[in-house]
Amino acid sequence: MNRIESLLDRMTLAEKLGQLTMTAAGYAVTGPFIAGDSTDAIKAGTIGNLLNLVGPEPVRQMQRLAVEESRLGIPLLIGFDVIHGHRTLFPIPLAEAGLFDPASWALTAREAAREACADGLAMAFAPMLDVSRDPRWGRTAEGPGEDPWLAVRIARAKVSGLQGAALADAESLAACAKHFCAYGPVTAGREYASVDISERTLREIHLPAFAAAVQAGVAAIMPAFTDLAGIPMTANAALLRDTLRGQLGFGGVLVSDYNAIGELIRHGIAADLAEAAALALKAGVDIDMMADAYRRGLPLALERGLVTMEQIDTSVRRVLRLKEQLGLFDDPYRRGATPESSEQLAQRRKLARSVAARAIVLLKNEQETLPLPPAPRRLCLIGPLADAPAEMRGPWWAAGEPEGQVSVLAGLRAALPGTEILQASGVAIDEPRKAGIAKAVELCEGADAIILCLGERATMSGEAASRASPELPGQQRALAEAVFKRAAKLGCRVIVILFSGRPLIVPWLAGKADAVLAAWFLGSEAGNAIADVLTCRVSPSGRTAITWPRALGQMPIFYAQRPSGRPANPDDHFTSKYLDVSNEPLYPFGHGLSYGRFTLQDLHLTPDKLSEKESVEVQVDVTNAGARAAEETVFLFTRDKLASVARPLLELRGFAKIALRPGETGTVSLSLAAADLRFLGPDLLPVFEEGEVEILVGPCADRSQLLAGTIRLCK
Ligand code: BGC
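Residues numbered from 1 in each chain as written. Predicted model: local features only at pLDDT ≥ 70, side-chain atom pairs only at ≥ 80, totals over all residues. Heavy atoms only, no water.

A. Here's a closer look at the pattern of salt bridges. Enumeration according to the criterion identifies 48 salt bridges in this entry. A salt bridge links Arg 114 to Glu 171; the shortest N-O distance between them is 2.9 Å. Taken together, the residues span a long stretch of sequence, with Arg 114 in helix H6 (residues 102-118) and Glu 171 in the loop between helix H7 (148-163) and strand S5 (174-180) at a distance of 57 residues. Given a relative accessible area of 24%, Arg 114 falls into the partly exposed group. On the basis of relative accessible area, Glu 171 is assigned to the partly exposed category, the value being 34%. (Salt bridge = Lys/Arg side-chain N within 4 Å of Asp/Glu carboxyl O. Helix = DSSP H or I, 4+ residues; strand = E, 2+ residues; numbered from the N terminus. Buried < 20%, exposed > 50% of the residue type's maximum accessible area, 1.4 Å probe, protein only.)

B. Inspection of helix H20 (residues 526-534) at higher detail. Buried residues dominate H20, accounting for 9 of its 9 residues. Within the sequence span of H20, burial applies to Ala 526, Gly 527, Asn 528, Ala 529, Ile 530, Ala 531, Asp 532, Val 533 and Leu 534. Those residues of H20 hidden inside the fold are in contact with helix H15 (342-359), helix H16 (408-415), strand S14 (449-455), strand S15 (494-499) and strand S16 (515-518). Phi turns positive, to about 75 degrees, at Cys 536, one or two residues after H20. (Contact = heavy atoms within 4.5 Å.)

C. Fine view of the sheet that holds strand S19 (residues 615-624). Read across the open sheet, the 3 strands follow the order S17-S19-S22; overall the sheet is antiparallel. In this open sheet, the two strands that pair with only one neighbour each are strand S17 (598-606) and strand S22 (665-673). Each adjacent strand pair in this sheet contributes to an overall mean axis angle of 20 degrees, direction not counted. With 7 bridges joining them, S17 and S19 adopt antiparallel strand pairing. Residue Thr 606 lies in a different strand from S19, and its bridge partner there is Glu 617. (Pairing = 2+ DSSP bridges. Axes fitted to C-alpha atoms, helices over the stretch in contact; angles between N-to-C directions.)

D. Geometry of the layout of surface pockets. Taken as a whole, the largest pocket encloses approximately 1,300 Å³ of empty space. Arg 203, Glu 204, Pro 208, Arg 678 and Leu 680 are the residues nearest the centre of the largest pocket, which is lined by 39 residues in total. Of all elements in the fold, only H7, helix H8 (199-206), helix H9 (208-215), helix H10 (237-247), strand S21 (651-660) and strand S23 (679-680) reach the threshold of two or more residues within the lining of the largest pocket. Its boundaries defined by the atoms lining it, the second largest pocket holds a volume of some 890 Å³. In terms of lining residues, the second largest pocket is bounded by 26 residues, among which Tyr 559, Gln 561, Asn 583, Glu 584 and Leu 649 are the most central. Of the residues in the lining of the second largest pocket, the class split is 14 nonpolar, 6 polar and 6 charged. (1 Å grid on protein atoms, 1.4 Å probe; cavity = no way out; pocket = protein on both sides within 12 Å on 5 of 7 lines; lining within 4 Å. Points joined across faces, edges and corners; volume = space filled by probe spheres on them. Nonpolar A, V, L, I, M, F, W, Y, C, P; charged D, E, K, R; others polar.)

E. Here's a closer look at the pairing of strand S3 (residues 77-80). Of the two faces of S3, the one holding Leu 77 and Gly 79 and the one holding Ile 78 and Phe 80 are both buried throughout. As paired strands, strand S2 (residues 49-51) and S3 are joined by 3 bridges and run parallel to one another. Note on S3: the bridge partner recorded for Asn 49 is Leu 77. Tracing the backbone out of S2, into helix H4 (residues 56-69) and back to the parallel element S3 gives a crossover that is right-handed. Here S3 pairs with strand S4 (residues 123-124) via 2 bridges, running parallel. Bridge pairing in S4 links Gly 79 to Met 123. (Right-handed = clockwise from strand over helix to strand, strands pointing away.)

F. Broad picture of the sheet that holds strand S25 (residues 691-698). Strand order across the open sheet formed by 5 strands is S18-S26-S25-S20-S21, with mixed pairing between neighbours. Sheet topology places strand S18 (609-610) and S21 at the edges, where each strand pairs with a single neighbour. Looking at chain direction, strand S20 (residues 630-639) and S25 are connected through 5 bridges and run antiparallel. Bridge assignment links Thr 638 to a residue of S25, and that residue is Ile 695.

G. View of the packing of aromatic side chains. Taken as a whole and assessed by the stated rule, the structure comprises 14 aromatic pairs. Here Trp 548 and Tyr 587 contribute two aromatic rings whose centre-to-centre distance is 6.3 Å and whose plane-to-plane angle is 80 degrees, an arrangement assigned as edge-to-face. With Trp 548 in the loop between H20 and S17 and Tyr 587 in the loop between H20 and S17, this pair connects stretches of sequence that are 39 residues apart. By relative accessible area, Trp 548 is classed as buried at 1%. Judged by relative accessible area, Tyr 587 falls into the buried class, the value being 10%. Geometry around Trp 149 places Arg 153 over its ring, the cationic atom sitting 3.8 Å from the centre. (Phe/Tyr/Trp six-rings, centres within 6.5 Å; stacked < 30°, edge-to-face > 60°. Lys NZ or Arg CZ within 6 Å of the ring centre and 35° of its normal.)

H. Looking closely at the environment of Ala 551. Along the chain, Ala 551 falls in the loop between H20 and S17. As a C-alpha pair, Ala 551 and Ser 469 span 82 residues in sequence and 9.5 Å in three-dimensional space. Not counting chain neighbours up to four residues away, the residues in contact with Ala 551 comprise Ile 505 and Val 581.

I. Fine view of the packing of H8 against H9. Contact geometry for H8 and H9: axes closest at 5 Å, N-to-C directions at 45 degrees. Comparing the axis directions of H8 and H9 gives the class oblique. Each of Leu 202, Arg 203, Glu 204, Ile 205 and His 206 in H8 lies in contact with H9, whose residues at this interface are Pro 208, Ala 209 and Phe 210. Tallied by class, the residues present in the contact of H8 with H9 amount to 5 nonpolar, 1 polar and 2 charged. (Parallel < 35°, antiparallel > 145°, perpendicular 65-115°, else oblique.)

This is the structure:
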């Protein structure tokens, strides 16, 4: 008999339920704290998994209780939200998505895993794969942006980065992809609200990233808090059992979200904990995080005949198998055994700096306001985010301490030691007081440039941070308007750096500023990275992975809209448009300028007629007509104009990057398999249809900037 079966044979019901329970060890983060001090339960073998316990020593102590003092000595599985770094923080996922660089996505996950493993952890509740098309939803910050194709690439990179070459390695974590599934389209962008979308949208937009995570071997998946058309995901047997485990072939562990099993009662589909626990278990949820519903509810559910011991055993087996795969039975102390060297930490900070610099999106740059002149005499740094190191961390700072994060002020001082830098907050991020505005504006006198650092507090995005009006909070608009006014009088340029976990609705600001940078939340090295871009050490190359709306009422907004039977026409009243605002976003998906100036020409498609088994090679010449070296991202979209189901106006199929010196021309090549142009037909089964497909290539999802050609698909 193998180890798992022999353990199962010897386990009491209480010990089995312990393996299906995860509780917070130290403190509660996002919900009620239920389990209290767990040490006795760990010794009794009735708690088998922990979250929020960090550090080699505390982990070792708890692990010792489980391994040496419990009857069966089963090691603990310890998880944590390692979302965009652990101690060293990388840019938030929405920002990092804009790198369009799978190697970097994987590398930051690898480094986060190493750092978390050195802290004794064995599971990361990541990657977060929820596609979001509604910036009101705060968790947009944590995810891959609006595009399902992009989300698939990120899923692969993140799972492979977190899990490394083998789960048993001391530097590998079990990834727990979340939140399955379709959490992003919560009603009106409101956190934890109901979701009701079509089966097609579910399958085309929200499932592919999870399918990719499964293919990449993800060890665990977390169901979303939300219901889908009345069935909460935590009890959604059709999706968890039939689709995820059945069709997608997921054999790993399902970890409930925080207290989500208990919340089935509030959802109104379970009368008590026993029913809630039975529904979740039967849907295939193996680990109950923080509801204590399995320990308290399943014994009753067994008595009532709502579940069987076989169903409990199936979940216990999956949990024990994961612990075995993680190498925890062989050496429960392997993670956290070796402290990291200062060299490793320094290298990681370097990576954080370069990734952060590449995540910055230059949204606007009139008259080459940026980069700054080589040695500015005096800069004026204004705004509540100019010297706010802790805010740089973003919404999921894991074990990142507030100290040790680099603010914009600190970054600029280090980069420009000869420059006088005057700094004032002017206003707080989110308070009604305007008192500091006048003093801040006075500083502008005599400055070579004014840098305005505006935006959200880090906790205004992320979980439970929906905003009905995602605009600049507090009195920041009043501050900015006052600065613009003074700058106009002084003839001084204003550069705006926007910090946010989502696109903010700021058309007025984008109109008035000379240059605008989206800095999202860039993590530990934020200030240094921003200084790198301002001073031209790095030419900006980040792109927005989400459409940037110009008005609240445009949301949800995304580039891959389906065609209307009455496309917008300003001269025709009865067409698809708003009376009060343009349909166009402020900035399209993929937008981002650099310090170069790129032109694309000579699109070649070979062959231009292909069958399902063939690929088309797409080639385009890119020239940097600007005066500085820079990197361009070229996107490949398709448009299937005539199909049995109306296809979106643009669909992302590829991207490539090319670095060019001034005056240099290079060729970008992308390969597109005809089989990838299959889509879900009228009956939701994949079909390959003959006919013409447009190939569109260019710098973003703005149709007017794309070069177009046509291929013909044949059977
Ligand atoms: C969040 C999850 C997270 C969990 C544990 C929940 O509130 O929805 O994403 O992994 O808490 O911290």
